[in-house]
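Listed below are the residues making up each chain.
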Amino acid sequence: KAGVTQTPRYLIKTRGQQVTLSCSPISGHRSVSWYQQTPGQGLQFLFEYFSETQRNKGNFPGRFSGRQFSNSRSEMNVSTLELGDSALYLCASSVDSNTGELFFGEGSRLTVL
Amino acid sequence: AQKITQTQPGMFVQEKEAVTLDCTYDTSDPSYGLFWYKQPSSGEMIFLIYQGSYDQQNATEGRYSLNFQKARKSANLVISASQLGDSAMYFCAMREGLPYTDKLIFGTGTRLQVFP
């Protein structure tokens, strides 16, 4: 059974550009959530989607957005990139049970120059 | 506000020995879940173990066990018989009380190093 797949794994952008990251959840999983990991702020929740609807959102500016498609695949977008957006972006998926067990991907490492 | 505290930035343990990684949490919600994840240098977050706030027994998964002390609001991870491959960052996390949410609050992590 394939795990959570994130693409691209690594990318370099310059300030002011925008970026789109993709996440394919485990087959059968309907819930997808996104996290940002930085050395300074640690792991922070960005948002989560279930059945194409945003169910919860973290405390991030509007430059951070996401969506989920009918096949449960999700994308997140960051517009007008800033140096501080350099981070590892992790996607997680779950069946959506009360155990809350989340399966994470390997992440997309974004560097903003 | 919900909070997870991991007070050990780094831990060393000899191979085949047991090690305990500390985690305390703060929440006013009676319903919550506690998790431990392992993050090797590759970056992937690997699920290790889960404990629900209403679970009567401590969770165990192979060499991992969670020492859940509800009154003290602690959820320490115990790794028995450490292996070299256990060297990684370990994160404690809490899920808020709302049902069917994947929002986790993470601690700052503990870097575990296992030596021969």
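Relevant structure appears above.
Residues numbered from 1 in each chain as written. Chains lettered and ligands numbered in written order. Predicted model: local features only at pLDDT ≥ 70, side-chain atom pairs only at ≥ 80, totals over all residues. Heavy atoms only, no water.

A. Geometry of the overall build of chain B. In terms of regular secondary structure, chain B is built from 0 helices and 12 strands. Helices (α) and strands (β) of chain B occur, in sequence order from the N terminus, as β-β-β-β-β-β-β-β-β-β-β-β. Relative to the compact-globule value of 13 Å for 116 residues, chain B shows a C-alpha radius of gyration of 14 Å, a close match. Projecting the C-alpha coordinates of chain B onto the three principal axes gives extents of approximately 45 × 30 × 25 Å. In chain B, which comprises 116 residues, the share counted as buried stands at 50%. Long-range pairs, those at least 24 residues apart, make up 55% of the contacts in chain B between residues at least 6 apart in sequence. When the accessible surface of chain B is split by element, carbon and sulfur atoms take 50% of a total near 5,600 Å². Charge-centre separation for chain B: the mean point of 10 positive side chains lies 4 Å from the mean point of 11 negative side chains. (Helix = DSSP H or I, 4+ residues; strand = E, 2+ residues; numbered from the N terminus. Rg over C-alpha atoms; globule rule 2.2 N^0.38 Å. Buried < 20%, exposed > 50% of the residue type's maximum accessible area, 1.4 Å probe, protein only. Contact = heavy atoms within 4.5 Å. Areas by Shrake-Rupley, 256 points an atom, 1.4 Å probe, with all protein chains shown as cover. Lys, Arg positive; Asp, Glu negative; His and termini not counted. Charge placed at Lys NZ, Arg CZ, Asp CG, Glu CD.)

B. Seen up close, the pattern of salt bridges. All names here are of chain A. Scanning all chains against the criterion turns up 8 salt bridges over all chains. The residue Arg-63 makes a salt bridge to Glu-82 at a minimum N-O spacing of 3.6 Å. Taken as a pair, Arg-63 in the loop between β6 (53-57) and β7 (64-68) and Glu-82 in the loop between β8 (74-78) and β9 (87-94) lie far apart in primary sequence, 19 residues in all. The exposure class of Arg-63 is buried, given its relative accessible area of 15%. (Salt bridge = Lys/Arg side-chain N within 4 Å of Asp/Glu carboxyl O.)

C. Seen up close, the packing of aromatic side chains. Enumeration according to the criterion identifies 15 aromatic pairs over all chains in this entry. Here the aromatic rings of Phe-104 of chain A and Phe-106 of chain B are separated by 6.4 Å at their centres, their planes lie at 70°, and the arrangement is edge-to-face. One end of the pair, Phe-104 of chain A, is in strand β10 (residues 103-104); the other, Phe-106 of chain B, is in strand β11 (residues 104-106), on a second chain. Taken individually, Phe-104 of chain A and Phe-106 of chain B each receive the classification buried, so the pair is uniform in this respect. Ring centres of Phe-35 of chain B and Tyr-50 of chain B lie 4.8 Å apart, and the angle between their planes is 55°; on these two criteria the pair is classed as tilted. In this pair, Phe-35 of chain B is assigned in strand β5 (residues 33-39) and Tyr-50 of chain B in strand β6 (residues 46-52), connecting sequence segments 15 residues apart. Here Phe-35 of chain B matches Tyr-50 of chain B in class, with each residue buried. Members of the aromatic cluster, joined through ring pairs, are Tyr-35, Phe-45 and Phe-104 of chain A together with Phe-35, Tyr-37, Phe-47, Tyr-50, Phe-91 and Phe-106 of chain B. (Phe/Tyr/Trp six-rings, centres within 6.5 Å; stacked < 30°, edge-to-face > 60°.)

D. Region of the structure containing the state of the cysteines. A complete count under the given rule lists 2 disulfides over all chains for this structure. Sulfur-sulfur distance for the disulfide between Cys-23 of chain A and Cys-91 of chain A comes to 1.7 Å. Around the S-S axis, the bridge from Cys-23 of chain A to Cys-91 of chain A shows a dihedral of about -60° and counts as left-handed. Here Cys-23 of chain A is found in strand β3 (residues 19-24), whereas its partner Cys-91 of chain A is found in strand β9, with 68 residues between them in sequence. Note on cysteine connectivity: Cys-23 of chain B is disulfide-linked to Cys-92 of chain B, with sulfurs 2.0 Å apart. A torsion of -65° about the S-S bond marks the disulfide between Cys-23 of chain B and Cys-92 of chain B as left-handed. Here Cys-23 of chain B, found in the loop between β3 (19-21) and β4 (24-26), pairs with Cys-92 of chain B, found in strand β10 (residues 88-95); they are 69 residues apart in sequence, far enough to count as distant. Take Cys-92 of chain B: its relative accessible area is 0%, and that puts it in the buried class. (Disulfide = S-S within 2.5 Å.)

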